[in-house]
Amino acid sequence: MTTPSGHAQPAALITRPMLLTVALLASTPLWLKGVGLYQYLALEIMIWMLFALGHNLLLGYAGLPSFGHGAYFGVGAYALGLLQQRADAGLLMSVLGAVAAAALVGAAVAAFISHRRGIYYALLTIAFGQVFWFIAIKWHTVTGGEDGLLKIQRPPLSLFGVNTPLASNQALFYFALVLFALVLVLLWRLVHSPFGRVLHAIKQNEVRAAFIGHNVWLYKWAAFVISAAVAGLAGGLFALAQQSAYPNVMSLHNSGFVVMMVLIGGGLVSFWGPVLGALIFILTRDLLGAYTETWLLWYGLVFMAMVLYQPDGVAGAWQAWRARRQQPQVGPASAAPVPATKA
Amino acid sequence: MALFEATNLHKRFGDQIVLQGISLSFEEGRLSGIMGPNGAGKTTCFNVLTGRYRPDRGQVRLAGEDITGLSPRRIARKGLSRSFQTMNLFDDERAIDNVLFALPSVRARAWSMWRDLGRDSAAHDEAAALLARVGLAGKEHTPSRRLSYGERRALEIGVALAAQPRLLFLDEPTAGLGAEGTARLFELVSELRRQVTIVIIEHDMRFLFGLADRISVIHWGQVIAEGSPDALRANPWVQRSNLGAMPA
């Protein structure tokens, strides 16, 4: 990655890991059954990858710990269901509505918390997360209470006069994959854009960022809104996948899961951390869960070990291994810890 | 009219009065110094002047415009830039990125979420030139946390300079530097003063007396003496005050 002094280090629009990830996901219908898994699992993993990628914009890039992100995932899920059942919205409108609803709710919450950081920020996100979870449970007439919204349909995709049915898991999977690839590219561009780079600088030093003329509050607010919007998209897709929306998706549990995914995968040091983390988390849940109901206990232990001994997650371990391999050939500067803005 | 004028600044923290009626003015094109013993209120004064704290009373004007109580961001955008005594850098970023983020050309596009900052070679050239100006040529790609102490001090100034200020405030730039580092910094500031109006808070008397056109002495939250270095050396008030060894 070394370039001549002073020269820019461009990031490609489409990178190899990006192509590999999308190709791997796209090929799952060919081999997933062969290894004893099922298509719905790939769909769910991809939805969590989306959720985790959005969450990592906050945690990894802006350094803002949100422990209540399940709320925006849930708002997306409910919004999709309500738009479909109460407003008769089609597929694309309801998915867009899910994104918009989560972004709006996120914008309102972010307005209250963006002057904070660290533990106060984290506590406020939990508090707001609980508020929405509570609303989901108590507002029976709209949310269906503890039962949630049932019988959410998977309407066909109508595009350019062509109707594509999405009822099967495989069809819905490909629909979600297109959106996933789109978000992947958008987020990748975002973190390399002036906005993303300054956001990462704000993570390191808010005071300095303000003194060189950046509107720190607005950056933090915008990062939250974008992150909530991605969570809303993931939540909307989840409602389609589950064909229901229920309070549990908003719970503190779900909010915690996405943090665990991001950290285990290595979101603090890599763009790809959340993708790895979601894969590992859901696979562990399914594979370990088949053997024991206490899978979360074992997962929790691994999580603790990880935080203690490998806080940079899987991606961090990979980077360290690569740096060790490269060290003999290049100067010491290249062995520096790779900041999160790099691959 | 002075480029920067502060009148009758008051600041208290709880029941501790830190600034009581400080008035300062800095002329365009000059290098002004602020000195005073530890705890005299120098740094608080600096923080009030640069917008980090809001004064309880008094007014701050930049080029005739009232900037009292404006946020640091707004003040920075009006052309006032500062360095920090305790270094305030973007530690994970390379030296060049630290400078890059402060460039007005980058700041103007900072809401772009699509174009790749890494491809902006004009901005990178500008940043590299700036690093060269503060003596950091060849260190562009070193993460700032890996720079030596003296290099980080220089980068501190580079970041402040990158904002292309009309007025540059340097907060104890020699803090922690050895004799050699201080000498190098002296050269750097001698060079910079030709291009930008500078205000320095400094502990190191030799450094300040060698550079400043005019010095204000702050003690007990007040300006107790003001004048050229020569005039100050002769000032009995200053000689009597315990300001450390006064260079001959």
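Note that the structure is a prediction, hence the values are computed from the model and not measured.

K.L.:
Just checking my understanding: could you explain the overall build of chain B for this structure?
P.N.:
In terms of regular secondary structure, chain B is built from ten helices and ten strands. A globule of 248 residues ought to have a C-alpha radius of gyration of about 18 Å, and chain B, at 18 Å, matches this closely. Sorting the 248 residues of chain B into buried and exposed places 48% on the buried side. Of the contacts made within chain B by residues no fewer than 6 positions apart, 66% connect residues no fewer than 24 positions apart.

K.L.:
What exactly am I supposed to notice about the overall build of chain A here?
P.N.:
Along chain A, the regular secondary structure elements total 15 helices and two strands. A compact globule built from 343 residues should have a C-alpha radius of gyration of about 20 Å, and chain A, at 20 Å, falls within 12% of that. By its C-alpha atoms, chain A is 60 × 50 × 45 Å across when sized along the principal axes. Of all 343 residues assigned to chain A, the portion counted as buried reaches 49%. If you take every contact in chain A between residues at least 6 apart in sequence, the share linking residues at least 24 apart comes to 74%.

K.L.:
Is there a simple way to explain the interface of chain B and chain A in this structure?
P.N.:
How big an interface is tends to be reported as the loss of accessible area on association of its parts. Residue-level contacts link 40 residues of chain B with 29 residues of chain A. Contributing elements (two or more residues each) for the side of chain B that touches chain A: α2 (72-77), α4 (104-108) and α5 (121-133) of chain B.

K.L.:
I tried to follow the pairing of strand β1 (residues 4-13) of chain B on my own but got confused; where do I start?
P.N.:
The two faces of the sheet receive side chains in turn, since in a regular strand these alternate between them. Residues and elements named next belong to chain B. Sheet analysis places β1 next to strand β2 (residues 16-26), joined by eight bridges and oriented antiparallel. Within β2, the residue paired with Leu9 across the bridge is Ile22. Hairpin connection of β1 to β2: two residues between the antiparallel strands, including Gly14 at a positive phi of 60°. Alignment of β1 against strand β4 (residues 57-62), held across five bridges, turns out to be antiparallel. Across the sheet, Thr7 pairs through a bridge with Gln59, a residue of β4.

K.L.:
For this particular structure, what's the right way to read the sheet that holds strand β5 (residues 65-66) of chain B?
P.N.:
The strands making up a sheet associate through hydrogen bonds between their backbones, and the pairing can be parallel or antiparallel. All names here are of chain B. If you walk across this open sheet you meet the four strands as β2-β1-β4-β5, and the pairing is antiparallel. In this open sheet, the two strands that pair with only one neighbour each are β2 and β5. Note that β4 and β5 share two bridges and pair antiparallel. Its bridge partner being in β5, Leu62 is matched across the sheet by Glu65. Along the sheet, helix α1 (residues 42-49) makes contact with β1, β2 and β4, crossing β2 at roughly 60°.

K.L.:
Help me understand the domain arrangement of chain B, please; the structure alone is not making it clear to me.
P.N.:
All names here are of chain B. Split into domains, chain B comes out as domain 1 (1-79 + 165-248) and domain 2 (87-164). On the domain 2 side, the residues contacting the eleven residues of domain 1 number eleven residues. Going through the elements one at a time, β7 (167-171) and α7 (179-192) are the ones with two or more residues in the side of domain 1 that touches domain 2. For the side of domain 1 that touches domain 2, a count of residues per class yields eight nonpolar, two polar and one charged.

K.L.:
Would you take a moment to explain the packing of helix α12 (residues 252-265) of chain A against helix α13 (residues 273-291) of chain A for this structure?
P.N.:
Each packed pair of helices is defined by two parameters, the angle between the axes and the distance between the axes. All names here are of chain A. Relative orientation of the contacting elements α12 and α13 amounts to 115°, with a least axis distance of 7 Å. At the point where α12 passes α13, the crossing takes the right-handed sense. Side by side, α12 and α13 meet where Phe257, Met260, Met261, Val262, Ile264 and Gly265 of the first sit next to Gly273, Pro274, Val275, Leu276, Gly277, Ala278, Ile280 and Phe281 of the second. Its residues placed into classes, the contact of α12 with α13 shows eleven nonpolar, three polar and no charged.

K.L.:
Got a minute to help me understand α1(B) in this structure?
P.N.:
Because an α-helix packs 3.6 residues into every turn, residues spaced three or four apart end up facing the same way. Residue and element names in this part refer to chain B. In terms of burial, α1 is a largely internal element, seven of the eight residues being buried. Residues of α1 that are buried: Lys42, Thr43, Thr44, Cys45, Phe46, Val48 and Leu49. Looking one or two places after α1, you find Gly51, whose phi comes out positive at around 95°.

K.L.:
What am I meant to see in the nonpolar core here?
P.N.:
Here is a general trend for soluble globular proteins: nonpolar side chains tend to be buried in one another's company. Judged by nonpolar contacts, the single largest core of 179 residues is most densely connected at Ile47(A), Ala102(A) and Val99(B). Counting residues per element, this core draws most heavily on helix α11 (residues 216-242) of chain A, at 18 residues. When residues of this core are assigned to domains, at least three map to each of domain 1 (1-79 + 165-248) and domain 2 (87-164) of chain B. Residue contacts for Val99(B): discarding those within four places in its chain leaves Ala127(B), Leu130(B), Leu131(B), Gly158(B), Val159(B) and Ala162(B).

K.L.:
I'm lost on the environment of Pro229(B) in this one. Help?
P.N.:
Assignment of secondary structure puts Pro229(B) in helix α9 (residues 229-234). For Pro229(B), the residues in contact, after removing those within four places along its chain, are Phe209(B), Ala212(B) and Ile215(B).

K.L.:
Help me out: how do you make sense of unusual backbone geometry in this one?
P.N.:
Excluding glycine, most residues fall at negative phi; most peptide bonds, likewise, are trans. One non-glycine residue, Lys151(A), lies in the positive phi region at around 55°. Mapped onto the fold, Lys151(A) is located in the loop between α7 (140-143) and β1 (157-159). The class of Lys151(A) is exposed, set by 9 C-beta atoms lying within 10 Å. Of note, Ala63(B) is a non-glycine position whose phi angle comes to about 50°, a positive value. As for its placement among the helices and strands, Ala63(B) is situated in the loop between β4 and β5. When the 16 C-beta atoms within 10 Å are taken as the criterion, Ala63(B) is described as partly exposed.

K.L.:
Which parts of the structure should I look at to understand the confidence of the model for chain A?
P.N.:
Detailed reading of the predicted model is not advised wherever pLDDT is low. All names here are of chain A. Taken as a whole, chain A shows an average pLDDT of 89; of its residues, 93% reach a score of 70 or greater. The least confident element of chain A is strand β2 (residues 162-164), whose mean pLDDT is 85; the most confident is α11, at 97. Of the regions scoring below 50 in pLDDT, residues 1-6 engages in 14 contacts with residues more than four places distant in sequence or in other chains. Long-range and interchain partners of residues 330-343, a stretch whose pLDDT sits below 50, account for 27 contacts in this model, where long-range means more than four residues apart.

K.L.:
Whenever I open this one, the packing of α5(B) against helix α6 (residues 149-162) of chain B confuses me. Can you help?
P.N.:
Residues and elements named next belong to chain B. Where α5 meets α6, the closest approach of the two axes is 9 Å, and the angle between their N-to-C directions is 135°. By the angle class used here, α5 and α6 are oblique. Crossing angle aside, the handedness with which α5 passes α6 is right-handed. For the pair α5 and α6, the contacting residues are Ala127, Leu130 and Leu131 in the first and Gly158, Leu161 and Ala162 in the second. Split into classes, the residues belonging to the contact of α5 with α6 amount to five nonpolar, one polar and no charged.

K.L.:
Quick question: what am I supposed to make of the sheet that holds strand β10 (residues 222-227) of chain B here?
P.N.:
Residues and elements named next belong to chain B. Read across the sheet, six strands follow the order β6-β7-β8-β3-β9-β10 without closing on themselves; strand pairing throughout is mixed. Every interior strand has two partners, whereas the edge strands, β6 (80-82) and β10, have only one. Along the sheet, successive strands turn relative to each other by an average axial angle of 20°, direction set aside. Taken together, the five bridges between strand β9 (residues 214-219) and β10 define a ladder with antiparallel strand orientation. Across the sheet, the residue bridging to His219 is Gln222, located in β10. Of the strands in this sheet, β3 (31-35), β7, β8 (197-201) and β9 touch α1, which is tilted by about 150° from β7.

What counts, and at which threshold
- Residues numbered from 1 in each chain as written.
- Chains lettered and ligands numbered in written order.
- Predicted model: local features only at pLDDT ≥ 70, side-chain atom pairs only at ≥ 80, totals over all residues.
- Helix = DSSP H or I, 4+ residues; strand = E, 2+ residues; numbered from the N terminus.
- Rg over C-alpha atoms; globule rule 2.2 N^0.38 Å.
- Buried ≥ 20, exposed ≤ 12 C-beta atoms within 10 Å, placed from the backbone.
- Contact = placed C-beta atoms within 7 Å.
- Pairing = 2+ DSSP bridges.
- Axes fitted to C-alpha atoms, helices over the stretch in contact; angles between N-to-C directions.
- Domains from an automatic or database assignment.
- Nonpolar A, V, L, I, M, F, W, Y, C, P; charged D, E, K, R; others polar.
- Left-handed = near helix turned anticlockwise from the far one by under 90°.
- Core = buried A, V, L, I, M, F, W, Y, C linked by C-beta atoms within 7 Å.
- pLDDT = per-residue confidence, 0-100.
- Parallel < 35°, antiparallel > 145°, perpendicular 65-115°, else oblique.

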